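Structure at a glance
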Amino acid sequence: MKRFLFMFIPMLLITFQVNAAEKSETKDLKAAIIIDDFGGGSGGVRDFLEGDIPITAAVMPFTENSREHAEWAHKNGFEVMIHLSMEPKRGKRSWLGPKPITVDLSSTEVKQRVNEAIKTVPHAVGLNNHMGSLAVENKEIVRAIVEVAKEKNLYIIDSGTSPKSQFPEMAKELGVPLLKRDVFLDDISSSSYVRKQMARLARVTEIKGTGIAIGHVGVTGKVCSVGIFQSMEEFEKRHIKIVPVSELFSGRLTEKYFIPH
């Protein structure tokens, strides 16, 4: 009997250690929430930038509030990225804001415009595209953007506005860190819909280990903030940590990138 116990107890300890390791891995789930249109829209801005959820603030360049919102976000500990406006296949020209990336620009003009955008958004460590379903399919346009990102040590998030986006190919070729958006949170303006999409983000994160959602300030900003804040208890129960986008990249890339300019 004693011999049996001596054999059984180590087996129990091993099982406990394995289970503990599995639970530890489960708790290492990470999701990022990018909030677009800072610098432009006002709805929800204060909710996010004075809140306690570590969203990543994507700031539109060339607007009256670009610098103010970027500085505000940085001061309160939020990661900042450039929300680069790019030409879509459909939509009003006015939706693009000032100095967008359009397909009629040369590579030199694109680079100049991206560099100008960087100067108007202090502390940015990455960029993503605003709209852009047409421009992201243009290899030369995208290459020019990625070349500047490489030069400035910026990561790229493909907002996923076109399945034919050239960002993945160009980023891989030039060695620039890139991830793609998984979920849009507020394409329907309803806090209950945002909660539903947050639940979808949680499922994606549990499957992949990481997940990226995009929401907005402005017209949908208030319902977006409410829906996100109401979802935090569920994320805690599922052991999913909300982190800045840069934390989703590997340590090796993080050492080289993400130095604010």
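Note on numbering: residues in each chain are counted from 1, in written sequence order. Totals for whole chains, interfaces and linings use all residues, but because this is a predicted model, local features are given only for residues with pLDDT of at least 70 and pairs of side-chain atoms are given and counted only at 80 or more. Side-chain measures here rest on the full set of heavy atoms in the structure, leaving out hydrogens and waters.

Section: the nonpolar core
In this structure, Phe-38, Ile-145 and Ile-228 are the most contacted members of the largest nonpolar core, which totals 61 residues. With seven residues, helix α5 (residues 139-151) is the largest single contributor of residues to this core. Contact between two residues is taken to exist if any of their heavy atoms lie within 4.5 Å; hydrogens are not considered. Leave out the neighbours within four places in its chain, and Phe-38 touches Val-45, Phe-48, Leu-49, Ile-55, Ala-57, Ala-58, Val-59, Met-60, His-69 and Val-217. Here, nonpolar core means buried Ala, Val, Leu, Ile, Met, Phe, Trp, Tyr and Cys residues that are tied together by side-chain atoms lying within 4.5 Å of each other. Think of it in three bands: with a 1.4 Å probe and only protein chains considered, a residue is buried below 20% of the maximum accessible area for its type, exposed above 50%, and partly exposed in between. Ranked by size, the runner-up nonpolar core spans 13 residues in total, among them Met-81, Ile-214, Val-243 and Leu-248. A helix here means a DSSP run of H or I that spans at least four residues, while a strand means a run of E at least two residues long, and both kinds are numbered starting from the N terminus.

What to know about the packing of aromatic side chains
Stacked, edge-to-face and tilted labels apply to pairs of Phe, Tyr and Trp rings (six-membered ring for Trp) whose centres lie within 6.5 Å, assigned for plane angles under 30 degrees, over 60, and everything in between, in that order. Going through the model one piece at a time under the given rule, you end up with two aromatic pairs. A centroid spacing of 6.5 Å and a plane angle of 35 degrees characterise the contact between Phe-48 and Phe-229, whose relative ring orientation is tilted. Pair noted here: Phe-48 is in helix α2 (residues 45-49) and Phe-229 is in helix α8 (residues 221-237), with a separation of 181 residues, a long-range link. Overall, the relative accessible area of 1% leaves Phe-48 in the buried class. Aromatic side chains Tyr-155 and Phe-249 sit 5.3 Å apart centroid to centroid with 35 degrees between the ring planes, which places their arrangement in the tilted category.

Observations regarding the confidence of the model for the protein chain
Predicted coordinates in areas of low pLDDT are best not read in detail. A score from 0 to 100, pLDDT tells how confident the predictor is in each residue. Of the residues in the protein chain, 85% reach a pLDDT of 70 or more, and the chain-wide mean stands at 89. Low pLDDT (under 50) marks residues 8-26, which in the prediction has two contacts with non-local residues, meaning those over four places away or in another chain.

Observations regarding the pairing of strand β2 (residues 56-59)
Both faces of β2 are covered, namely the face carrying Thr-56 and Ala-58 and the face carrying Ala-57 and Val-59. Any two strands with at least two DSSP-identified bridges between them are counted as paired. With three bridges joining them, strand β1 (residues 29-38) and β2 adopt parallel strand pairing. Note that in β2 the partner of Ile-34 across the bridge is Thr-56.

Focus: the pattern of salt bridges
When a carboxyl oxygen of Asp or Glu lies within 4 Å of a side-chain nitrogen of Lys or Arg, that pair is called a salt bridge. Tallied over the entire structure, the rule returns ten salt bridges. The partner of Glu-147 in a salt bridge is Lys-111, with the nearest N and O atoms 2.6 Å apart. You can see Glu-147 sitting in helix α5 and its partner Lys-111 sitting in helix α4 (residues 107-120), a full 36 residues away along the chain. Judged by relative accessible area, Glu-147 falls into the partly exposed class, the value being 26%. Residue classification places Lys-111 among the partly exposed positions, given a relative accessible area of 30%. A salt bridge links Glu-234 to Arg-238; its shortest N-O distance comes to 3.5 Å. Relative accessible area serves as the criterion here: at 36%, Glu-234 is assigned to the partly exposed category. Residues joined by salt bridges that share partners form a network here, namely Glu-206, Glu-234 and Arg-238.

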